[in-house]
Amino acid sequence: MQRRRIALAQLAPRLGRLDENLETHRRVLVEARSAGADLVVFPELGLTGYQLQDLSGEVAMRLDDERLLSLARETQACSAVVSFVEEAPDHRLFIAAALLEDGEVRHVHRKVYLPTYGLFDERRFFGAGEVVRATSSRLGVPLGLAVCEDFWHLPVPILLALDGAQVLVNVSSSPGRDVAAVNEVGLGTATSWRALMKTYAMLTTSFVVFCNRVGVDESVTFWGGSEVIGPDGETRFRAPLHDEGVFTVEIDLADVRRERIVLPVLRDERPEMVRRQLERVLRERAGGGRG
Amino acid sequence: MTEPEGAGRAPAARPADADPLFELPPELAIDTRVARRIMVEFIRGQLRQAGFERAVLGLSGGIDSAVVAYLVGEAIGPERLLCVLMPYRTSSPESLADAREVVDRLGCGSRTVDITGMVDGYFGRMDGERFEPAALGTEGRDASGLRRGNLMARMRMAVLYDQSAEWHGLVVGTGNKTEVLIGYSTHFGDDACAFDPVGDLYKSQLRQVAVDLGVPERIIAKPPSADLWPGQTDEAEVGFSYPELDRLLYWMVDRRRSPEELAERGFDPRFVDHVGRMVARSEFKRQVPPIAKLGPRTSGVDYLYPRRRPAPTS
């Protein structure tokens, strides 16, 4: 038995109020830690709110920002994933998710896919991350961090799993839309996300941990529905839609081992073949013609 | 007309085999439980972001403002809602009675402000056979129904914003998606508001929500009317029924179908053309007026902030 307790902080951040959100994070983190949580996961841009527009530069933090470091100091003997606007030393702004552990900023993932269509306008305000990399963690297995739209692109979960991640953590600010009666849970967005996450859990034989915010920014209402899915694709926990709350889920990391031995699809993945084919496709797409 | 399973639940008091209160095109069926939750969260979120705890709206006796009143009541409690009833001398007494029933059922605050003096003080009025001119002079005698209707809507807006200052509440809009898309509203009149929780619901969908909320059946079933003159109904004025209009708008706007594809779906090309023009012609009503770009940073162009934002800290 390798049990770990994961706390999903399904919060409603206040738009643009960094100090207030920092305080909420600190409080939830301390409470969850004393309740025995090994990992506390906060939603995308939980420290700033989502629809920032020109506020993006005003709420940005460098990785050596004292406010971020002081939040990290609350993670003695536990881990947390928090998300904020990161300002790089060269002043590019990124949507970042950071793994805080044992008092330090252990790893930072910059959102690699920035939706700029429909109701989204992220590329206008942010730079796109270039790196997808698993990170070791005090949970005992590597984690893979991703932010919202990163999970609407197949390469992200597979790269993280190939890099060793056994728990994929997606933090989101997903706006709920499409209330057509035909949808499974009355919300098209939730239906799509559940299909994606179940698929990734099965194909990577990993745990998928999804923390989505609630509350309202401008026109959009975020739907929550945070979730933990086992490496067999079965939902282990599902938070209610739209309710703010901190939900604790216990997982057994031994499930990953069991599943990967029974169903060794990750072992049978063929990255070299994929690379060769990708190189060919890229060559041809660039006008190189068929070899 | 059949309603798909799981669509807008009817209130328990209503037998399942009763005649439906309204016609619902199947593709417009929504999960009213989820829609209601989103709208309630939206109302709370908007007020919270703006730092207000109270709300005010114009209650006409029609379904749209009744639904919004119920939603606001659910979001913040009816005691924080002020409904303003604003009849004109030609308004139908039934409208006022229906509005009063909503107020009674909800237990919200209410206030009646008769706008007759305001409107007649501009256009003038007939005293028997004799015209008594007012601010507009003799021209007021021949003012069209459109001008009168628009002024009534704008007087109501002025009253609402005055009441909003006194009540310390934000003005909640009541325009539905159908009227927003075809522009069936008075600009800076009934479309003026701080936020609109029902502007993405077609009339047919709003009716489903109304049933779910327990809005009085008479309000749901009666023909929608702007009540700007006696006997007026929306459907007679616009020329189409709401179910057919809603269906067309859904396929045209939400599902992005071309006129050819709409014709294949059985919509009369003349109907498609006519409604397409109404939508295109009213684009300006759905947008903030443009500002001439002169400086380095211009509102709405390259000065983009959330509508409510915290003051910068030094």
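Everything quoted here is computed from the prediction, not taken from an experiment. (Residues numbered from 1 in each chain as written. Chains lettered and ligands numbered in written order. Predicted model: local features only at pLDDT ≥ 70, side-chain atom pairs only at ≥ 80, totals over all residues. Heavy atoms only, no water.)

Side note on the overall build of chain A
Counting secondary structure elements, chain A contains seven helices and 13 strands. Rg of the C-alpha trace for chain A: 19 Å, near the compact-globule value of 19 Å for 291 residues, within the 12% margin. Here the C-alpha coordinates of chain A stretch approximately 55 × 50 × 45 Å along the principal axes. The contacts in chain A between residues at least 6 apart in sequence include a share of 66% that link residues at least 24 apart. Only carbon and sulfur atoms are counted for the fraction: they give 50% of the accessible area of chain A, which is about 12100 Å². Side chains of chain A carry 36 positive and 42 negative charges; the gap between the two charge centres is 5 Å. (Helix = DSSP H or I, 4+ residues; strand = E, 2+ residues; numbered from the N terminus. Rg over C-alpha atoms; globule rule 2.2 N^0.38 Å. Contact = heavy atoms within 4.5 Å. Areas by Shrake-Rupley, 256 points an atom, 1.4 Å probe, with all protein chains shown as cover. Lys, Arg positive; Asp, Glu negative; His and termini not counted. Charge placed at Lys NZ, Arg CZ, Asp CG, Glu CD.)

Here's the deal with the nonpolar core
Residues Val41 of chain A together with Val67 of chain B are the most contacted members of the largest nonpolar core, which totals 135 residues. Top contributing element to this core by residue count: helix α2 (residues 63-76) of chain B, with 10 residues. Aside from chain neighbours lying at most four places away, what touches Val41 of chain A is Ile6, Ala7, Leu8, Ala9, Val81, Val169, Val171, Val209 and Cys211 of chain A. Judged by nonpolar contacts, the second largest core, of 23 residues, contains Leu22, Ala32, Val40 and Ala72 of chain A. (Core = buried A, V, L, I, M, F, W, Y, C linked by side-chain atoms within 4.5 Å. Buried < 20%, exposed > 50% of the residue type's maximum accessible area, 1.4 Å probe, protein only.)

Things to note about the confidence of the model for chain B
Per-residue confidence for chain B gives a mean pLDDT of 92; residues scoring 70 or more make up 94%. Overall, residues 1-12 of chain B carries pLDDT values under 50, and its contacts beyond four positions in sequence, including any with other chains, amount to 22 contacts. (pLDDT = per-residue confidence, 0-100.)

Some words on the environment of Pro43 of chain A
Residues and elements named next belong to chain A. Topologically, Pro43 is positioned in the loop between β2 (39-41) and α2 (66-72). Classification of Pro43 by relative accessible area gives buried; the value is 0%. Between the C-alpha atom of Pro43 and that of Val171, which follows or precedes it by 128 residues, the distance is 4.7 Å. Setting aside chain neighbours within four positions, we find Pro43 in contact with Ala9, Leu11, Ser83, Val171, Ser172, Cys211, Asn212 and Arg213.

Topic: the interface of chain A and chain B
The interface is formed by 27 residues belonging to chain A together with 26 residues belonging to chain B. With both chains or domains summed, chain A and chain B bury close to 2200 Å², and 55% of this area falls on carbon and sulfur atoms. Across the salt bridge formed by Arg37 of chain B and Asp243 of chain A, the nearest N and O atoms sit 2.6 Å from each other. Mapped onto the side of chain A that touches chain B, the elements with two or more residues apiece are α3 (122-125) and β9 (214-217) of chain A. Considering only residue class, the side of chain A that touches chain B consists of 12 nonpolar, seven polar and eight charged. (Buried area = accessible area lost by both parts, 1.4 Å probe. Salt bridge = Lys/Arg side-chain N within 4 Å of Asp/Glu carboxyl O. Nonpolar A, V, L, I, M, F, W, Y, C, P; charged D, E, K, R; others polar.)

Some words on the sheet that holds strand β7 (residues 167-172) of chain A
All names here are of chain A. Spatially, β6-β7-β8-β11-β12 is the arrangement adopted by the five strands of the open sheet, whose pairing is mixed. Each of the sheet's edge strands pairs with one partner strand only, and the pair in question is β6 (143-147) and β12 (235-238). Taking the axes of each pair of neighbouring strands and ignoring which way they run, one obtains an average angle of 10° across the sheet. Pairing of strand β8 (residues 207-212) with strand β11 (residues 227-229) involves three bridges; the strand directions are antiparallel. Note on β11: the bridge partner recorded for Val208 is Ile229. (Pairing = 2+ DSSP bridges. Axes fitted to C-alpha atoms, helices over the stretch in contact; angles between N-to-C directions.)

Describing the packing of α2 of chain B against helix α7 (residues 203-213) of chain B
Residues and elements named next belong to chain B. It is the contact of α2 with α7, at a shortest axis distance of 10 Å, that shows an interaxial angle of 50°. Taken as axis vectors, α2 and α7 run oblique relative to one another. When you trace α2 past α7, the crossing you get is left-handed. Counting all contacts with α2, which are made through Ile63, Asp64, Val67, Tyr70, Leu71 and Glu74, the residues of α7 involved are Lys203, Leu206, Arg207, Val209, Ala210 and Leu213. When the residues that make up the contact of α2 with α7 are grouped by side-chain class, the tally is eight nonpolar, no polar and four charged. (Parallel < 35°, antiparallel > 145°, perpendicular 65-115°, else oblique. Left-handed = near helix turned anticlockwise from the far one by under 90°.)

Section: the sheet that holds strand β3 (residues 109-112) of chain B
Residues and elements named next belong to chain B. Taken in spatial order, the four strands make up an open sheet running β3-β2-β1-β6, and their pairing is parallel. Each edge of the sheet is formed by a strand with only one pairing partner; in this case those strands are β3 and β6 (169-171). Between one strand axis and the next, the sheet turns through 25° on average, direction left out of account. Docked against the sheet, α2 engages β1 (54-58) and β2 (81-85), running at close to 170° with respect to β1.

Description of a nonpolar patch on the surface
Residue and element names in this part refer to chain A. Side chains of Val262, Leu263 and Val265 sit close together on the surface and give an oily, nonpolar patch of about 250 Å² of accessible area. Topologically, Val265 is positioned in the loop between α6 (254-262) and α7 (271-288). Judged by its relative accessible area of 36%, Val265 is partly exposed. (Patch = residues over 30% accessible without salt bridge, like charges linked within 9 Å, V, L, I, M, F, W, Y side chains within 5 Å.)

Digging into the pairing of β9 of chain A
Residue and element names in this part refer to chain A. Residues Val214 and Val216 point to one face of β9 and Gly215 and Asp217 to the other, with burial holding for every one of them. Across four bridges, β9 lies against strand β10 (residues 220-223) in antiparallel orientation. In the sheet register, Asp217 faces β10, and the bridge partner there is Val220. What sits between β9 and β10 in their antiparallel hairpin is a turn of two residues, with Glu218 showing a positive phi close to 55°.

Focus on the side chain of Gln205 of chain B
Residues and elements named next belong to chain B. The topology assignment puts Gln205 in helix α7. Under the relative-accessibility criterion, Gln205 is labelled buried at 8%. What Gln205 contacts, discounting residues up to four positions off in sequence, is Leu28, Ile30 and Asp200.

Here's the deal with the pattern of salt bridges
Evaluation of the coordinates by the stated rule reveals 49 salt bridges over all chains. In this structure, Glu101 of chain A and Arg106 of chain A form a salt bridge, with 2.7 Å as the shortest nitrogen-oxygen distance. Owing to a relative accessible area of 0%, Glu101 of chain A belongs among the buried residues under this scheme. A relative accessible area of 35% means that Arg106 of chain A is categorised as partly exposed. A salt bridge links Glu101 of chain B to Arg218 of chain B, with the shortest nitrogen-to-oxygen separation between them at 3.6 Å. With a gap of 117 residues between them, Glu101 of chain B in helix α3 (residues 93-106) and Arg218 of chain B in helix α8 (residues 217-221) connect regions that are remote in the sequence. With a relative accessible area of 26%, Glu101 of chain B lands in the partly exposed category.

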